[in-house]
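Letter by letter, the chains look like this.
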Amino acid sequence: MAEKRRIPEAELIINPNGGIYHLHLQPHQIADTIITVGDPGRVPEVSKHFDSVQHKVLHREFLTHTGYLNNKRLTVISTGIGTDNIDIVMNELDALVNIDFETRTVRDALTSLQLVRLGTSGAVSSEVPMDSILISEVAIGMDGLMNFYELQNSIWETVYLEAFISHIKPYFKEIKPYIASADPALVEKFEKRYLKGTTVTASGFYGPQGRTLRAKNEFKNFAEVINQFRHKHFRISNLEMETAGIYGFGKILGHQCLSINAILADRVNQKFSSNPQKIIDKMIEESLEVITTS
């Protein structure tokens, strides 16, 4: 049997208290079912529904609450904005359950986490109404994160991605998108309740999503071009900044992932929700019900 690789100190950084570097969490402080949110302020909006909270840990933009709801142990953690933070959160959550911190080696028996993202998003399809809730069945990343990892795609994912690249190539050549899908079992839990769609994950909020303030965009009419894409029965439904990275790591590391999106903006008609908190609260309450009862 080959000797296990010992992960060096500069690659796996463990704090003096035994916690992982950025999240400052110790292995016993997270559950196997994890809800991710972008905003640290949204963590207590989720955990206020818990029956009890045992752990509260804050470091930088990463706030974690772990407790129980309906006898199910749950963790809710803020990731901050963007897939650069997803790179940190997904790697460190995986390390907490699948790496022995004493020996710095990968455990023989691996744990598959269930991760549900509760996020906000803007629709680029008239079929996705503002103030609706949508699950991302597929995500296409335009942020570049997964180009640093070995992500294997299915045949249909590869065909889908090639069609998307062909569509955007005349408008924007210097980009290498990637594709990843949600966990089918999690999709099945939520698909009767919410819309399904394909999400594009962007590397920023303004230019990378086609917004223009003073800086001029290289990719002109971004939202319109994305809206025009079709592949069989698929079309792009919404834009946000984390989902494709989460799905990519889910596939690479063997975790079950789903992204749920509160649609706050209508990019087709350039409108924004008049009561965003109402739809966010609805998403949180309904998602917790599904997670803890199904």
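Being a predicted model, the structure only gives us computed values, none of them experimental.

Trainee: Could you give me a rundown of the pairing of strand β3 (residues 62–69), with the residues and numbers involved?
Mentor: In terms of residue burial, β3 counts as a mostly covered element, since seven of its eight residues are buried. Between strand β2 (residues 52–59) and the antiparallel strand that follows it, β3, lie two residues; Arg60 among them carries a positive phi value of about 55°. The pairing of β3 with strand β4 (residues 72–78) spans six bridges and is classified as antiparallel. Within the sheet, the bridge partner assigned to Tyr68 lies in β4 and is Arg73. Counted between consecutive antiparallel strands, the loop separating β3 from β4 contains two residues, among which Asn70 sits at a positive phi close to 55°.

Trainee: For helix α7 (residues 276–293), give the residues involved together with the corresponding values.
Mentor: Between its terminal C-alpha atoms α7 stretches 26 Å, which fits the 26 Å expected from 18 residues at 1.5 Å a residue. Listed in full, the buried residues belonging to α7 are Ile279, Ile280, Met283, Ile284, Glu286, Ser287, Leu288, Val290, Ile291 and Thr292.

Trainee: Tell me about the nonpolar core, residues and numbers included.
Mentor: Among the nonpolar cores identified, the biggest contains 61 residues, and Leu93, Leu258 and Ile260 are the most heavily contacted of them. Not counting chain neighbours up to four residues away, the residues in contact with Ile260 comprise Val116, Arg117, Leu118, Gly119, Ile133, Leu134, Ile135, Phe190, Tyr194, Met283 and Ser287. Val124, Ile140, Phe219 and Ile226 belong to the second largest nonpolar core, which has 20 residues in total.

Trainee: So what's going on with the environment of Ile165? Which residues, and what values?
Mentor: Of note, Ile165 is situated in helix α3 (residues 155–168). Sequence-wise, Ile165 and Ile175 are ten residues apart; in three dimensions their C-alpha atoms are separated by 8.9 Å.

Trainee: Account for the packing of aromatic side chains, naming residues and giving values.
Mentor: Overall, the coordinates contain eleven aromatic pairs when judged by the stated rule. Between Phe190 and Tyr194, the aromatic rings sit 6.2 Å apart at their centres with planes inclined by 15°, giving stacked as the arrangement. Between Phe219 and Phe222, the ring centres sit 4.9 Å apart and the planes meet at 80°, which makes this aromatic pair edge-to-face. Take Phe219 and Phe222: they sit in the same class, and that class is buried.

Trainee: Give me the lowdown on the pattern of salt bridges, citing residues and values where you can.
Mentor: Applying the stated criterion to the full structure yields eleven salt bridges. Note that Lys251 is salt-bridged to Glu157, the shortest N-O span being 2.7 Å. Here the residue Lys251 occupies a position in helix α6 (residues 243–253), and Glu157 occupies one in helix α3, the gap between them amounting to 94 residues. A salt bridge links Lys282 to Glu286, with the shortest nitrogen-to-oxygen separation between them at 2.6 Å. Residue Lys282 and its partner Glu286 are both found in helix α7; the two are separated by four residues, about one turn of the helix. The structure contains a network of salt bridges with shared partners spanning Arg6, Glu9 and Arg104.

Trainee: Give a detailed account of the pairing of strand β10 (residues 195–201), specifying residues and quantitative values.
Mentor: Among the seven residues that make up β10, five are buried, leaving the element largely enclosed by the rest of the structure. Bridge count between strand β8 (residues 133–141) and β10: seven bridges; the pairing is parallel. In the sheet register, Ile140 faces β10, and the bridge partner there is Val200. Handedness of the crossover joining β10 and strand β11 (residues 236–240) through helix α5 (residues 222–228): right-handed.

Trainee: Could you give an account of unusual backbone geometry, naming the residues involved and the relevant values?
Mentor: A positive phi angle, near 55°, is found at Asn70, a position not held by glycine. Take Asn70: it is sitting in the loop between β3 and β4. For Lys232, which is not glycine, the phi dihedral falls at a positive 55°. By secondary structure assignment, the location of Lys232 is in the loop between α5 and β11. Residue Lys232 is classed as exposed on the basis of its relative accessible area of 74%.

Trainee: Lay out α3 in plain terms, naming residues and giving numbers.
Mentor: For α3, which comprises 14 residues, the first-to-last C-alpha distance of 20 Å matches the rise-based estimate of 20 Å (1.5 Å per residue) to within 8%. Of all the positions in α3, only Glu157, Tyr160, Leu161, Phe164, His167 and Ile168 are classed as buried. Taken down its axis, α3 places every buried residue within 120° of arc, on the same side. Away from its buried face by more than 90 degrees, α3 exposes Ile155, Glu162 and Ser166. Buried residues in α3 make contact with β8, β9 (178–181), β10, α5, β11 and α6.

Trainee: An account of the packing of helix α2 (residues 83–98) against α6 is requested, with residue identities and associated values reported.
Mentor: Look at α2 against α6: their axes get within 9 Å of each other, and the N-to-C directions meet at 30°. Regarding the angle of α2 to α6, the classification is roughly parallel. Taken as a pair, α2 and α6 cross one another with a handedness that is right-handed. Where α2 abuts α6, its residues Thr83, Ile86, Asp87, Met90, Asn91 and Asp94 lie against Gly245, Ile246, Phe249, Gly250 and Leu253.

So, how was this worked out
- Residues numbered from 1 in each chain as written.
- Predicted model: local features only at pLDDT ≥ 70, side-chain atom pairs only at ≥ 80, totals over all residues.
- Heavy atoms only, no water.
- Buried < 20%, exposed > 50% of the residue type's maximum accessible area, 1.4 Å probe, protein only.
- Helix = DSSP H or I, 4+ residues; strand = E, 2+ residues; numbered from the N terminus.
- Pairing = 2+ DSSP bridges.
- Expected span 1.5 Å × (residues − 1).
- Core = buried A, V, L, I, M, F, W, Y, C linked by side-chain atoms within 4.5 Å.
- Contact = heavy atoms within 4.5 Å.
- Phe/Tyr/Trp six-rings, centres within 6.5 Å; stacked < 30°, edge-to-face > 60°.
- Salt bridge = Lys/Arg side-chain N within 4 Å of Asp/Glu carboxyl O.
- Right-handed = clockwise from strand over helix to strand, strands pointing away.
- Arc of directions from axis to C-beta.
- Axes fitted to C-alpha atoms, helices over the stretch in contact; angles between N-to-C directions.
- Parallel < 35°, antiparallel > 145°, perpendicular 65-115°, else oblique.
- Left-handed = near helix turned anticlockwise from the far one by under 90°.

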